[in-house]
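# Structural characterization, general
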Amino acid sequence: MLLPGSGILQKPLKVACIQIASGPSKAQNLAQARQKVLQAATAGASLIVLPECFNSPYSTAKFREYAEPLSTPPDPIASPSFTALAQMAQDTSTFIVGGSVPECDPSGKIYNTCAVYSPEGKLLASHRKMHLFDINIPNGMSFCESDTLAAGDNITVVDLEGYGRVGLGICYDMRFAELSTIAARQGAFALVFPSAFNTTTGPLHWELLGRARAVDNQVYTVLCSQSRGAGSSYPAWGYSMVSDPMGRIVAGTGEGEDIVYATLEPEVIEEARLAIPITVQRRHDVYPDIGQLVRTEW
């Protein structure tokens, strides 16, 4: 059982969400990401988050073309995006949550993968999108990631040395409360979701889901979206945001290119859990503790 003080930051953490739109040039996408990461680091951010598919168009027809192997250390020729992320982290001495990159494995499968790097440029963890975005909304958005992508099968909680643990998900993963609950039960103080919600689902559920996952688990949620790119075939919603453990939006933006900054405070988590102590009031004598039913790899 997690006590009210469990899963809390060891010290304040300034985060930055880089809201940019990806285009057809991988090199330009990486250069744009690097420039924004340097800007965020100069502004004092210690944890910098990029959006989903920041290095490529968000398109099932393009994922394989832009896919790269994830290796340690990354190969600058075969894996320019993962190499760039490691270099950004090392050059800025920050933790980088690398949005997501189409990843190809030796069997030929393609995954939508988020890689996390330490301030020394070391790969700390990788999360393969578990829930693929296969939807068909009448008179709205239709999309089928499973046409190209394979689904991951691991819940990912990563230790940011000196701060504590964060849980990772990618976009559609946010809709599945079990993933967030397990990460929080495993001690995450924040849930981080690189995303590319669209203009159909964004106005309906983006803010609602971000705030709900925060309140459900009494943790921060960090939602980093692509910006609304002019002429893009995929209309991203934007509106990157950070919610606190009481569901209050503490930082956010609109649809355009921007950087969202927020400082996560240990005391805010502590106060929320003491005021409304759901963390210690769960009835695991009545329903199972799903956090104990899943093997989490660190």
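Refer to the structure above for everything that follows.
Described in the following lines is the structure provided in the data block. Being a predicted model, the structure only gives us computed values, none of them experimental.

Look at helix 1 (residues 26–42) against helix 3 (residues 80–92): their axes get within 10 Å of each other, and the N-to-C directions meet at 15°. Between helix 1 and helix 3, the interaxial angle falls into the category roughly parallel. Here helix 1 runs over helix 3; the crossing is right-handed. Side by side, helix 1 and helix 3 meet where K26, L30, A33, R34, V37, L38 and A41 of the first sit next to P80, S81, A84, Q87, M88, D91 and T92 of the second. Per-class residue counts for the contact of helix 1 with helix 3 are eight nonpolar, three polar and three charged.

With that settled, the discussion passes to helix 4 (residues 177–185). Of all nine residues making up helix 4, seven are buried, and the element is well covered by its neighbours. When helix 4 is considered as a whole, its buried residues turn out to be L179, S180, T181, I182, A183, A184 and R185. In this fold, the buried residues of helix 4 make contact with strand 6 (123–128), strand 9 (156–160), strand 10 (164–168), strand 11 (188–195), helix 5 (202–217) and helix 7 (278–281). Of the residues flanking the end of helix 4, it is G187, one or two places downstream, whose phi is positive at about 100°.

Attention now goes to unusual backbone geometry. Cis geometry marks the peptide bond from T72 to P73; its omega dihedral reads -5°. Within the secondary structure, P73 is located in the loop between helix 2 (63–66) and helix 3. Unusually for a residue other than glycine, C53 sits at a positive phi of about 50°. Position of C53 relative to the elements: it lies in the loop between strand 2 (47–49) and helix 2.

Let us look at the packing of aromatic side chains. Within the structure shown, the criterion is met by seven aromatic pairs. Ring geometry for Y58 and Y234: centres 4.5 Å apart, planes at 80°, overall edge-to-face. Note that Y58 is positioned in the loop between strand 2 and helix 2 and Y234 in the loop between strand 12 (220–225) and strand 13 (241–243), a separation of 176 residues in sequence. Taken together through their ring pairs, the aromatic side chains of Y58, F63 and Y234 make up a single cluster. Its guanidinium or amino end placed over the ring of Y163, K11 lies 4.9 Å from that ring's centre, counting from NZ or CZ. One Lys or Arg, R128, reaches over the ring of Y111 and ends 3.8 Å from the middle of that ring.

Basis of the calculations
Residues numbered from 1 in each chain as written. Predicted model: local features only at pLDDT ≥ 70, side-chain atom pairs only at ≥ 80, totals over all residues. Heavy atoms only, no water. Axes fitted to C-alpha atoms, helices over the stretch in contact; angles between N-to-C directions. Helix = DSSP H or I, 4+ residues; strand = E, 2+ residues; numbered from the N terminus. Parallel < 35°, antiparallel > 145°, perpendicular 65-115°, else oblique. Left-handed = near helix turned anticlockwise from the far one by under 90°. Contact = heavy atoms within 4.5 Å. Nonpolar A, V, L, I, M, F, W, Y, C, P; charged D, E, K, R; others polar. Buried < 20%, exposed > 50% of the residue type's maximum accessible area, 1.4 Å probe, protein only. Phe/Tyr/Trp six-rings, centres within 6.5 Å; stacked < 30°, edge-to-face > 60°. Lys NZ or Arg CZ within 6 Å of the ring centre and 35° of its normal.

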